[in-house]
Every structure is written in C-alpha cells, then in structure tokens.
Amino acid sequence: MREKKISNKIFDPFENFRLITENSYIEARYNGPLYGVVDVAGAKNMVTKILIAALSGETGKVKIRNIPWIGEMDITLSLCKRLGVDFKINPDKTLELKIDGFKNPEVRFDSYLGNRVSLLFAGPVLYKLGKANISKPKGCEIGERKIDFHLAGFQAFGIKIKEYDDYLGLTLKHKEFKPATITLPFPSVGATENLLIIASMTKGVSVIKNAAIEPEILEMVKILQKSGVSIKIDANRNFIIKGGPHKIIDVIDIMPDRVEAFSWGIAALSTKGDIFVKYAQQDHLLTPLSVLLDMGAGIEIYPDGIRFFYKKNLKPIKVTTQTYPGFPTDFQQPLSILLSQCNGISQIHETIFENRFRYLERIKTIATSGRIEIMNTCPKNEPCRFYGYNYPHVAKINGPICLGKGDLQIDDLRAGFALLNAGILSEGIKIYGIKLLYRGYENIVEKMQSLGADVKLVI
Ligand code: EPU
C-alpha cells in the first residue's frame, strides 16, 4: 500500500530568516542589567546531524522533537527537499520525517547559503543510491577548515572520490561500504560524526580512533545504540562500531543548545544582571561553569536550568580552548565580552581554529578605553598545534573596556552573539551581517528584549 505524503506548505518557521538581507541590521545599546528567564532552544550542532543520521535508517518514520527555528535547519531541510525527502514541520517544534530512498543523488546547496553538514549526507545517500554529488561544505570562516579527515575516511570505507570545483562526486567502489579502521589526526567533531554515520550502516566492525566526544556526538551514539547499532567507546576515545542495516528509533529528542545556554549566562554577568537559563544542563557545561566560578560569578544549578547572577567584581582569567571536555572554542567569543568588563588582563588561547578572533578586531574599533591585543605567539609552556605558525590565535584583553558607538560586521555565527552582547554594553551600535546570527540563534532579538535589553531588528 502506498503511504500518504506528509509534506505541507502552510507552516514556515524560517520565513524571518529568509527575509534578512545583507542590509538588515540590529541596533543595540546599554539599557542596564538583564533580568529574567530565558529558554534555550534545541542544539544547532546536534539537530542537523541527527536528522542526517536518521536518514541512514531503513524505511520508517521518525519524529524529532525540540527543533530550533534557526537558519541552519532551513539550509539543511533545503538539502533534504532536493533529495526528495518527505518531511513535515509542525508548530510544536517537531519534525516528522519519512525515511525512505532518495529521489536523486544531488546534495547541492541551491543558493549562496551553505553549511558544514552537506558532507554528512554522503553516507546515507551512497548507502541507498550508490552515488552522491555533494556540495563542498561552507560555513563560518574561522580557519582553513580542511576536509581531509573526511576524505581519508571515505576512502577507507571504499568510497571513490572525484573532486570538482564546488562539489565532490562520490561513488561506491563495490556495492557496499567495507568496514574500516581510521585514526583521526585530530578529534574532529564533523569527521567523527560523518564516519560514525557511515560505520553504523557498514556490515562488520569499524573503528574510529582518536574520535571527538562532544555531547552532541554522544547523543548521536546513544540514538544509534537505541536503534540497535553496537558502539563501544574505550578509554582512549576510540569508537568500535558494529554496523549494518538498522531502523532508527521512532522519537528523537534534541538536547538544549549548550552554546546558547552559556551565552545567556555571559549576557547576565556582563551586564551585572541575573538570568535563569531554562534547560541549561550542568553536565554539558562542567568546565565553562568552573571558569565562571573561578572568576567569582554567581551560579546556582537546578534540575531545570541554571541561574547566572552578578555578585561582585569579576576577576580576569586565562583560558585555553580545547576539545571536549575542555573549554570549547564556541564559548570563547561570548566569554571575551565578559572579560572585557573585568579589571585587569585576561587571555584566551584558541587552539581549535586558527583564525577565530576577527570579531575582537571589530570590537577594538568601538573601544574607548582598555586594550585588546591579538597575537601569533603561543603562551609559554602551553602545547599547541599552531606553535610556530603565524596564526592570530591568542587574545589579550586588558579591561575594563568601555564600548562607544559604531557599525560592526558579524564575521561568524558565534561572533554574532558576542557582538550583540557588546552592543548591549555600548553607547549604541549597529550590527550588520546578522543572517549569520540567525543561522544559530532562535528569536534572538525577542529573547534579548524580554530580558530588558535595548535591541531592535531592522529588516
Ligand atoms: N580539521 C581538519 N581536517 C578535517 C576536519 C577538521 O584539519 O577534515 C580541523 C579543522 O580545521 C579545525 C579542527 O580540525 O582546526 C576541528 O574542526 P572540527 O572538524 O572539529 O569542526 P567542525 O566539525 O567543522 C564543529 C562545529 C563548530 C565547532 C567545532 C569544534 C558544527 C556544524 N560545527 O565544526 O561549531 O566550533 O565543531 O567544536 O557542528 C558553530 O556552531 O558556530 C561552530 C563553528
């Protein structure tokens, strides 16, 4: 019997994202401390990948709950549409997916907009069609962001690669993936997820050595395990995966976005306010919370969220970004805004991406006191894979930094929140390039306004 199609065209939560152009901007200025309660949306860096992992399953239906209404979802769903995936988005933040074959092998962005996850479609599309044409990933420009680990993994699983200017032509050498053992030169989040998805469909035992273990990845592991895939993780972060055809569980819940949760904490502390961040989870924030405690922040942890509040002058600190469970690279951008308000010298050593401080150069242009310095030289006695390269990956922030007026451009998504937070501490700025911000943060202006911030979106 033919199943009824479930697509609809009525509800479109991404309309606002699409309306934002390069001329749109946000106006922000200081309006006192932020107070109140704010909800954290579903995690951007889980939802898009788990949606793709779900497509690797055998025929059936999957419901994904707690979908964030962000641009990243819009971009990912446009790839699904092109592949002929049947889905329905509902106002209650659920996504209903019909898991089936694909109508064609084209995983191609249909506009200038793109993201990192195109490459993760390789596994499901190859598994079901034997070939895939995949747009090269796009995304925030925070370093070179090579894809060599993904490609080496593809080859190990028996995938033939032809590289074109803007896409990859992939075919299976034999009829199916062959089990593989891959050692990642660095625990890459995207490569771990990509190869995990492929391994989950591959008959036999595959091993991913030196894998990343970010919470979003462990959520994927949990969902695949619930779907019958055997995945063991040893003490050295090696994943041992016994894959094969599997049917994905019926209902998937998206974890709260830990980057958003932390960012609201910073917004509270930097404005000397008090915010209860609903759904923030301590488990995902152990190291960052302790960094804030070391600075003297007020933090109370509850089962349904975390309260961040200002108690006393915060102390400057030194932080080095690392893979999980170290201090995450995505958190350094909001953190630096808090550091700009502390009295004294703080330091951030970025060791994941080689060029993630451009937003601080922007902030320098509106600073009327204090000093921000971006350096290429690693701090003494800190091992760093960027040692000896000329990368601007160390920031010294000598605060307090008063923020005046000006126009600022967002260079990458996380910088978007940082500039907005700078805006609500400033005499008045206009922030451009906000499409990037709306790719990752749901209702950001409305949420800020509900906490008392003076921010206005001009489309
Ligand atoms: N790398 C390579 N070769 C590869 C893959 C990675 O050299 O084939 C390098 C990268 O250049 C980088 C490092 O390995 O220096 C780590 O990159 P990773 O692959 O872990 O990053 P990603 O998967 O591209 C995800 C998040 C980022 C987050 C990083 C690190 C998504 C969509 N993106 O990127 O999030 O910063 O992991 O945790 O999950 C964001 O949300 O704004 C964002 C940038």
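Residues numbered from 1 in each chain as written. Predicted model: local features only at pLDDT ≥ 70, side-chain atom pairs only at ≥ 80, totals over all residues. Heavy atoms only, no water.

Caption draft 1: How the structure looks around helix 3 (residues 71-83). Spanning 13 residues, helix 3 covers 19 Å between terminal C-alpha atoms, matching the ideal 18 Å at 1.5 Å per step. With respect to burial, helix 3 is a largely interior element, eleven of its 13 residues being buried. Along helix 3, the residues that are buried comprise Gly71, Glu72, Met73, Asp74, Ile75, Thr76, Leu77, Ser78, Leu79, Cys80 and Leu83. With its phi angle positive at about 85°, Gly84 sits one or two positions after the end of helix 3. (Helix = DSSP H or I, 4+ residues; strand = E, 2+ residues; numbered from the N terminus. Expected span 1.5 Å × (residues − 1). Buried < 20%, exposed > 50% of the residue type's maximum accessible area, 1.4 Å probe, protein only.)

Caption draft 2: Representation of the site of the ligand. Near the ligand lie 22 residues; those nearest to it are Lys49, Asp148, Ser188, Asp330 and Ile352. Between the ligand and Ile352, the relevant distance is 2.7 Å, taken from an oxygen atom to a main-chain nitrogen or oxygen of the residue. When residues of the shell around the ligand are traced back to their parent elements, those giving at least two are helix 2 (44-55), helix 5 (148-156) and helix 6 (189-201). Residue composition of the shell around the ligand, by class: seven nonpolar, five polar and ten charged. (Near = heavy atom within 4 Å. Polar contact = N/O pair within 3.5 Å; in protein donor to acceptor, adjacent residues only side chain to side chain. Nonpolar A, V, L, I, M, F, W, Y, C, P; charged D, E, K, R; others polar.)

Caption draft 3: Seen up close, the sheet that holds strand 19 (residues 344-349). On the basis of which strands lie adjacent, the open sheet formed by four strands has the order 18-19-21-20 and mixed pairing. The sheet is open, and its two edges are formed by strand 18 (318-320) and strand 20 (371-375), each paired on a single side. Across the sheet, the mean angle from the axis of one strand to that of its neighbour is 10°, orientation sign disregarded. Sheet analysis places strand 20 next to strand 21 (residues 394-399), joined by five bridges and oriented antiparallel. (Pairing = 2+ DSSP bridges. Axes fitted to C-alpha atoms, helices over the stretch in contact; angles between N-to-C directions.)

Caption draft 4: Spatial organisation of unusual backbone geometry. With omega at 10°, the peptide bond leading from Tyr324 into Pro325 counts as cis. With an omega dihedral of 5°, the bond running from Gly399 to Pro400 counts as a cis peptide bond. By secondary structure assignment, the location of Pro400 is in the loop between strand 21 and strand 22 (403-409). Here Asn66, not a glycine, exhibits a phi torsion of approximately 70°, which is positive. Position of Asn66 among the secondary structure elements: in the loop between strand 3 (60-65) and helix 3.

Caption draft 5: Main features of the environment of Ser290. Structurally, the position occupied by Ser290 is in helix 9 (residues 286-295). With relative accessibility at 35%, the residue Ser290 sits in the partly exposed group. Measuring from C-alpha to C-alpha, the distance between Ser290 and Phe327 comes to 9.8 Å, with 37 residues separating the pair along the chain.

Caption draft 6: The arrangement of the sheet that holds strand 9 (residues 167-172) in detail. Taken together, four strands build an open sheet; the order of strands is 6-7-9-8 and the sheet is mixed. Edge positions in the sheet fall to strand 6 (106-107) and strand 8 (159-163), since each of these pairs with one other strand and no more. Its contacts with the sheet put helix 5 on strand 8 and strand 9, and the angle it makes with strand 8 is roughly 140°. (Contact = heavy atoms within 4.5 Å.)

Caption draft 7: Region of interest: a positive patch on the surface. Residues Lys160, Lys162, Lys173 and Lys178 make up a contiguous surface patch of positive charge. Within the element layout of this structure, Lys162 appears in strand 8. Residue classification places Lys162 among the exposed residues on the basis of a relative accessible area of 51%. (Patch = residues over 30% accessible without salt bridge, like charges linked within 9 Å, V, L, I, M, F, W, Y side chains within 5 Å. Areas by Shrake-Rupley, 256 points an atom, 1.4 Å probe, with all protein chains shown as cover. Salt bridge = Lys/Arg side-chain N within 4 Å of Asp/Glu carboxyl O. Lys, Arg positive; Asp, Glu negative; His and termini not counted. Charge placed at Lys NZ, Arg CZ, Asp CG, Glu CD.)

Caption draft 8: Structural detail: helix 7 (residues 215-226). Between the first and last C-alpha of helix 7 there are 16 Å, a value that for twelve residues agrees with the 16 Å anticipated at 1.5 Å per step. Phi turns positive one or two residues past the end of helix 7, at Gly228, with a value near 100°.

Caption draft 9: A look at the pattern of salt bridges. For the structure shown, the criterion picks out 22 salt bridges. Where Arg18 meets Asp74, a salt bridge forms, and the shortest distance between an N and an O atom there is 2.9 Å. A residue pair is termed long-range when its members are at least 10 positions apart, and Arg18 in helix 1 (residues 15-19) and Asp74 in helix 3 qualify at 56 residues. Among the ionic pairs, Glu260 bridges to Lys447, the shortest N-O distance being 2.7 Å. Separated by 187 residues along the polypeptide, Glu260 in helix 8 (residues 258-270) and Lys447 in helix 14 (residues 444-450) bring together distant segments of the chain. Salt bridges sharing common partners tie together Asp12, Arg18 and Asp74.

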